[in-house]
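Each chain, written out:
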Amino acid sequence: MHRLFFFFLILIPSETFAQDSIVTTRVYHKFWIQFSDKNNNPFSVERPYEFLSQKSIDRRSRQNISIQESDLPVTPSYVSSVKNTGAKILIKSKWMNGVCVETTDSAILEQIDSLPFVSFIEAVAAYSRYDTIDSSGIESYPMISSPVLTSNLAFDEELYGNGFNQINMMNGEYLHELGFRGDGMTVAVLDAGFFRVNTISAFDSLWLNDRILGYKDFVGGQDDSVFIESTHGMQVLSTMAANLPGELVGTAPAAHYWLIRTEDARSEFRIEEYNWAAGAEFADSAGVDVINSSLGYSTFNDTAMNYSYATLDGKTAVVTHAADKAVETGMIVVTSAGNNGNAPWKYISTPADANNVIAVGAVDPQENYASFSSQGPSSDGRVKPDVAAQGKDAVFVSRSGSLTTGNGTSFASPITAGLVTCFWQAFYDKPNMEIIQQILQSASRYTNPDELYGNGIPDFRLAFLKMQEKEGSPYFQEMLPVAYPNPFDEQLHVMLFADDEGKYSVEIFDALGRIISRQEQYLGDLRFHDFEFKNLDVLQQGVYFVRTSGKGRTDVMRVVKF
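The following paragraphs examine the structure supplied in this document.

**Section: the nonpolar core**
- Among the nonpolar cores identified, the biggest contains 81 residues, and Leu237, Tyr257, Ile332 and Phe423 are the most heavily contacted of them.
- If we ignore the near neighbours within four places in the chain, the residues touching Tyr257 are Val187, Val189, Leu206, Arg211, Ile212, Leu213, Gly214, Leu237, Met240, Ala241 and Ala252.
- In this structure, Met96, Ile108, Phe282 and Ile291 belong to the second largest nonpolar core, which totals 59 residues.

Below is the structure:
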């Protein structure tokens, strides 16, 4: 019995509650079962396709990350042995190497404890008689079928509407106007629920373009329930994925998304850390690139579970281990720092203390520290939060489908995560840690970080230019304009940089001076623009010329059609 933690809590209530003359007892009923090893495991690191998607394997291969024993599923015979005791298996975690079970039968726990491969058992959640949900009052809405939202508007307030400030603060619109809007990238949103994401018109283009890859519920096990649970995940998602030109366009509107429920909004217990781990493991196996987690854990309904500041060391909390493991598999994890800046507990929460995540604090629209934003550093002295973004008066979609504003690092995190996704799209061959480091180095306080802003507000335009400079890419500002690919076939792109606000034009003409195609665009100052010419396969092979004009400058380039 030495391995059984909190076993007595099944029999002895930890707390009683009096409400309307009814006394309610809290009873622990969910337990973490820690396995000692992965012996007798039929899976092998030599056959990763049996438990990882090809996209997940490719992500590792691209970054020279090997498959580890921790990537193997938990030993199936161990799971079966636990299940045969009569306990209900809730979740399995390969990274943590164990399972969560549900039971209130002490005899079952004794049987589990006697299994030779069980290291220890820990109580991770309790229920009370009043802890029930009445879903009968939840409205049902028909699926909306509206056209895909597209826009040819300039990348400014006219396109982004009220959400312009929260992307412009980080110069994120520069990535969008270069064509990096999340295409081909996959984001997992770990949250408490995604109320009406399947019906609200702001998300129509996600469904109509098959950008919702799926959804999973690690709390209740009923995947469809994610759309009737908490509004929090829906609001978070909207800052990245909403597509309402002129009102709100998210920071990664063209990315693909997995919607993963790991948080039980009704209570706060340690089981949610294991839910988070299971959700992140699923994201890994599905080939996700970026995880956004607008979640944090520091205090719980059972105060014995609370973390202290000393434990914010990047190596104590289960969810912290899981977050760092997610990064080790080649993903990028962006997480909220927490909203306790004004509270007696003013510090960041877990997993923001993880070593390699991007923990995001909040600022107001004027880039001033938002007083609610949780503070650093980590207890071992590392810079936290890592960066800051708009989290005060952030614009997002409300439960009714209209736009609203609100406060929280819950919004600062996904606003940042969307742009991290677009930035990585631009340099997809680069490993996650190089992408993270380039973003940190672009931030406004990188040379003088503090406990409020961390490294400061990222500048994705600066990060992009610095990365291009390092790569010697033709996109680098001082080398523009440029036409590519050269030679070309069906398409030709012409990239230029507008030093001053005004009208810019690009013409393709042949050796006799005859104009083949022409485009014109009004650009703001200090803006990139990528002019795209399509259907050029009808041109004969030979030499052509590209002329760019604007604000007193004209450049001519020679291109070849093959």
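**Digging into the pattern of salt bridges**
- A full pass over the atoms with the stated rule returns 23 salt bridges.
- One salt bridge connects Asp380 with Arg382, and the closest N-O pair in it is separated by 2.9 Å.
- According to the relative accessible area criterion, Asp380 is partly exposed, its value standing at 43%.
- The salt bridge partner of Asp393 is Lys392, with a shortest N-O separation of 3.7 Å.
- On the accessibility criterion, Asp393 (34% relative accessible area) is partly exposed.
- Bridged by salt links that share partners, the residues Arg59, Arg60, Asp71, Lys94 and Asp284 form one connected network.

**Some points on the packing of helix α11 (residues 409-426) against helix α12 (residues 432-442)**
- Running from N to C, α11 and α12 point in directions that differ by 120°, and their axes come no closer than 11 Å. If you check the angle between α11 and α12, you find them oblique. As α11 runs across α12, the sense of the crossing is right-handed. In this structure, α11 uses Val420, Phe423 and Trp424 to contact α12, whose residues at the interface are Asn432, Ile435, Gln438 and Ile439.
- Its residues assigned to classes, the contact of α11 with α12 shows five nonpolar, two polar and no charged.

**Details of the environment of Gly550**
- Position of Gly550 among the secondary structure elements: in strand β23 (residues 542-550).
- Taking C-alpha positions, Gly550 is 9.8 Å from Gln521, a pair spaced 29 residues apart along the chain.
- The contact partners of Gly550, leaving out residues within four places of it in the chain, are Lys503 and Tyr504.

**Structural notes on the packing of aromatic side chains**
- Inspection of every chain in the model, using the stated rule, returns 24 aromatic pairs.
- On the numbers, 5.4 Å between centres and 80° between planes, the contact of Phe35 with Phe117 is edge-to-face. Here Phe117 lies in the loop between α3 (106-114) and β6 (118-127) and Phe35 lies in strand β3 (residues 27-35), a separation of 82 residues in the sequence. The same class applies to Phe35 as to Phe117, namely buried.
- With centroids separated by 5.6 Å and ring planes inclined at 20°, the aromatic side chains of Phe509 and Phe545 adopt a geometry described as stacked. With Phe509 in strand β20 (residues 502-510) and Phe545 in strand β23, this pair connects stretches of sequence that are 36 residues apart.
- You can call Phe545 partly exposed: its relative accessible area is 24%.

Criteria and thresholds
- Residues numbered from 1 in each chain as written.
- Predicted model: local features only at pLDDT ≥ 70, side-chain atom pairs only at ≥ 80, totals over all residues.
- Heavy atoms only, no water.
- Core = buried A, V, L, I, M, F, W, Y, C linked by side-chain atoms within 4.5 Å.
- Buried < 20%, exposed > 50% of the residue type's maximum accessible area, 1.4 Å probe, protein only.
- Contact = heavy atoms within 4.5 Å.
- Salt bridge = Lys/Arg side-chain N within 4 Å of Asp/Glu carboxyl O.
- Axes fitted to C-alpha atoms, helices over the stretch in contact; angles between N-to-C directions.
- Helix = DSSP H or I, 4+ residues; strand = E, 2+ residues; numbered from the N terminus.
- Parallel < 35°, antiparallel > 145°, perpendicular 65-115°, else oblique.
- Left-handed = near helix turned anticlockwise from the far one by under 90°.
- Nonpolar A, V, L, I, M, F, W, Y, C, P; charged D, E, K, R; others polar.
- Phe/Tyr/Trp six-rings, centres within 6.5 Å; stacked < 30°, edge-to-face > 60°.

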